[in-house]
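Observations on the model geometry
Next come the chains, spelled out residue by residue.
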Amino acid sequence: MEEAKKIPLPTDPATVMAVVGQGRVLLGELKPRVDAQLSRMLSQASGEVPEDELHYVKLRMTRSLLVQTIQSRMLREAFLLEQVGTAAADKRREAEATMAAKARQMFYETELPGLMKKANVDSKAELDDLLRKEGSSLAFRQREFMDQMLGSLYIRSKVNKDPSVSLSEIVRYYQEHQSEYEHKARARWEQLTVMFSNHPTRDAAMKAITDMFQEALYGGNVQAVAKAKSEEPFASSGGLHDWTNQGSLVSTVLDKNIFSLPTGKLSDIIEDTNAFHVIRVLEREDAGVTPVGELQDDISDILRQQKIRADQENVMVEVRQRVPVWSFYPDDFPEAKPLIQVSARPAMQR
């Protein structure tokens with residue numbers, strides 16, 4: 001915060017905060033959204049916020065928003081360069097106007113209805129008023145939509161959205177991350193329980209668990225007995241315990257029996273420190289490593305996403321080399337050059 005006090009933050013909305021290719025980003029494009037967000041934060045503050053803290057928060061918000069805007073404008077600029085190359089300025093303006101017209105049509109057909117529905121308004125004027133209160137506007141949202149659309153088109157044209165993944169790559173990833181696929185022994189089981197604390201004597205508790213044991217043994221339905229009579233937390237779901245790792249139970253007695261008794265058979269009555277139990281192990285898996293065959297699809301998806309992200313990063317490196325950027329805060333954006341503070345106002349209006 002002490003450092004932030006020394007960093008200036010312009011106040012004139014016409015201040016040029018960045019130059020991206022042949023376009024400019026003005027403070028007036030950022031300030032309304034920063035002010036609206038800051039206003040919401042202050043409305044929730046319990047007391048008065050010191051001026052230096054306000055400066056710090058406003059500075060961070062402005063710089064963060066500037067980075068987002070620069071990146072969006074860079075992709076838009078890259079798309080236009082891809083379309084017109086080094087064509088003359090009039091050709092560029094013509095291409096930009098064509099793209100703007102298409103983006104405007106798409107905005108009104110696809111984006112605007114959703115914005116109006118979300119805002120619960122019936123007209124564009126009402127929506128614009130509402131957006132301005134939030135530090136935006138209909139015109140700004142349209143511009144933002146165009147930038148995002150052109151940027152998305154450029155990324156899609158450069159990035160393979162379905163890269164191939166070979167079996168050797170899957171195996172190599174599996175071998176490098178094998179420890180992540182190790183698993184402890186685990187089991188699923190049904191359980192009947194009688195708590196000592198719920199009965200006047202130990203003999204009374206023994207009678208209760210014996211009755212449940214016999215009913216489950218001869219009736220064959222542990223879960224029905226559990227729902228009706230068991231006294232443990234899982235009774236309402238039939239005493240059914242889903243996959244649980246060995247060693248994770250508080251009761252070492254239960255843990256030992258669950259991971260040693262035959263599966264599918266009702267146990268004898270098991271005495272613990274505070275209860276009697278009867279269990280039936282439904283399934284059990286030994287400790288080991290999940291085979292690569294069972295993980296092939298998951299690993300393939302991971303590698304595919306890694307390739308897509310790597311392509312996107314390479315595209316951004318290429319864009320930064322292709323589209324020059326000057327920023328008021330050059331340290332915030334890779335390869336940005338410093339921009340001396342200037343205003344977009346004509347000299348006579350300053």
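Residues numbered from 1 in each chain as written. Predicted model: local features only at pLDDT ≥ 70, side-chain atom pairs only at ≥ 80, totals over all residues. Heavy atoms only, no water.

Concerning the packing of aromatic side chains
Stated precisely, the cut-off is as follows: Centre distance within 6.5 Å is the pairing criterion for rings of Phe, Tyr and Trp, where only the six-membered ring of Trp is used; planes under 30 degrees apart are then read as stacked, over 60 as edge-to-face, and the remainder as tilted. Burial here depends on accessible area, computed with a 1.4 Å probe over protein chains only, as a share of the maximum for the residue type. Under 20% is buried, over 50% is exposed, and the range in between is partly exposed. When the NZ atom of lysine or the CZ atom of arginine is within 6 Å of a ring's centre and also within 35 degrees of its normal, the charge is said to sit over that ring.
Counted by the stated rule, this structure contains 5 aromatic pairs. Centre to centre, the rings of F107 and Y108 are 5.5 Å apart; their planes meet at 85 degrees, and the pair counts as edge-to-face. Between F328 and Y329 the ring centres are 4.9 Å apart and the planes differ by 90 degrees, which places this aromatic pair in the edge-to-face class. Accessibility expressed as a relative area gives 5% for Y329, which makes it buried. These aromatic residues form a ring-pair network of at least three members: F107, Y108 and F145. A cation over a ring is seen here: R186 above W243, with NZ or CZ 4.1 Å from the ring centre. The ring of W326 has K337 lying over it, and the distance from NZ or CZ to the ring centre is 5.5 Å.

Some words on the confidence of the model for the protein chain
Which entries qualify depends on this criterion: pLDDT is a per-residue confidence score from the predictor, ranging from 0 to 100. Numbering of helices and strands starts at the N terminus; helices are DSSP runs of H or I of at least 4 residues and strands are runs of E of at least 2.
The predicted model of the protein chain averages 88 in pLDDT, with 95% of residues at 70 or higher. Averaged pLDDT values over the elements of the protein chain bottom out at 53 in strand β11 (residues 342-343) and peak at 97 in strand β4 (residues 186-195).

So, helix α6 (residues 138-158)
Given 3.6 residues per turn, any residue in an α-helix points the same way as the ones three and four places further on. Put simply, the test is: Expected span of a helix: the number of residues minus one, times 1.5 Å.
Compared with an ideal rise of 1.5 Å per residue, which puts 21 residues at 30 Å, α6 spans 30 Å between its outermost C-alpha atoms and is within 8% of the ideal. Inspection of α6 places L138, F140, Q142, F145, M146, D147, M149, L150, G151, Y154 and I155 among the buried residues, and these make up the whole buried set.

Regarding the domain arrangement of the protein chain
Heads up, the condition is: Where each domain starts and ends comes from a domain assignment, either automatic or drawn from a database.
Split by domain assignment, the protein chain resolves into domain 1 (2-160 + 325-338) and domain 2 (182-289). Taking only C-alpha atoms, the centre of domain 1 and the centre of domain 2 are 61 Å apart.

As for the sheet that holds β4
For clarity, the threshold we go by: When DSSP finds two or more bridges between a pair of strands, those strands are recorded as paired. Two residues form a contact once any of their heavy atoms are found within 4.5 Å. Note on geometry: axes are lines fitted to C-alpha atoms, helical ones only across the stretch in contact, with angles between N-to-C directions running from 0 to 180 degrees.
The strand order across the open sheet formed by 4 strands is β5-β4-β7-β6, and the pairing between neighbours is antiparallel. The strands lining the two open edges of the sheet, one partner per strand, are β5 (240-245) and β6 (270-271). One ladder, built from 2 bridges, connects β6 with strand β7 (residues 275-285); its direction is antiparallel. Within β7, the residue paired with I270 across the bridge is H277. Here helix α8 (residues 202-219) sits on the sheet in contact with β4, β6 and β7, set at roughly 130 degrees to β4. Helix α9 (residues 222-229) rests against β4, β5 and β7 of the sheet, and its axis sits at about 40 degrees to β4.

Some thoughts on the pairing of strand β1 (residues 15-20)
Burial analysis of β1 places 6 of its 6 residues in the buried class, which makes it a mostly covered element. Pairing of β1 with strand β2 (residues 23-26) involves 4 bridges; the strand directions are antiparallel. Directly across from V19, in β2, lies its bridge partner R24. Taking the residues between adjacent antiparallel strands as the criterion, β1 and β2 are bridged by 2 residues, where G21 takes a positive phi near 60 degrees. By the bridge criterion, 3 bridges tie β1 to strand β9 (residues 325-327) in an arrangement that is antiparallel. The residue of β9 that forms the bridge with V20 is V325.

Description of the pattern of salt bridges
It is possible for side chains of opposite charge to pair when their charged atoms get near one another. Our working definition: Basic side-chain nitrogens of Lys or Arg form a salt bridge, by our definition, when they fall within 4 Å of a carboxyl oxygen of Asp or Glu.
Enumeration over the complete set of coordinates arrives at 21 salt bridges. Residue D35 is joined to K31 by a salt bridge in which the shortest nitrogen-to-oxygen separation is 2.8 Å. Highlighted residues: D35 and K31, both in helix α2 (residues 27-44), separated by 4 residues, approximately one helical turn. By relative accessible area, which is 29% here, D35 ends up partly exposed. Between K307 and E169 there is a salt bridge, with the nearest N and O atoms lying 3.1 Å from each other. Residue K307 is found in helix α11 (residues 292-322), and its partner E169 is found in helix α7 (residues 167-176); the two are separated by 138 residues along the sequence. On the accessibility criterion, K307 (28% relative accessible area) is partly exposed.

Considering the environment of L42
Relative to the helices and strands, L42 is located in helix α2. Sequence spacing of L42 and L54 is 12 residues, and the spatial spacing of their C-alpha atoms is 9.3 Å. In this structure, L42 is in contact with V49 and L54, ignoring residues within four places of it in sequence.

Here's the deal with the environment of P338
In this structure, P338 sits in strand β10 (residues 337-338). It is 69 Å that separates the C-alpha atoms of P338 and V253, two residues lying 85 residues apart in sequence. In contact with P338, not counting residues within four places along its chain, are W326, S327 and P330.

Thoughts on the side chain of S230
With respect to the element layout, S230 can be found in the loop between α9 and β5. With relative accessibility at 12%, the residue S230 sits in the buried group. Setting aside its immediate chain neighbours within four residues, S230 contacts Q191, L192, T193, M212, V225 and A235.

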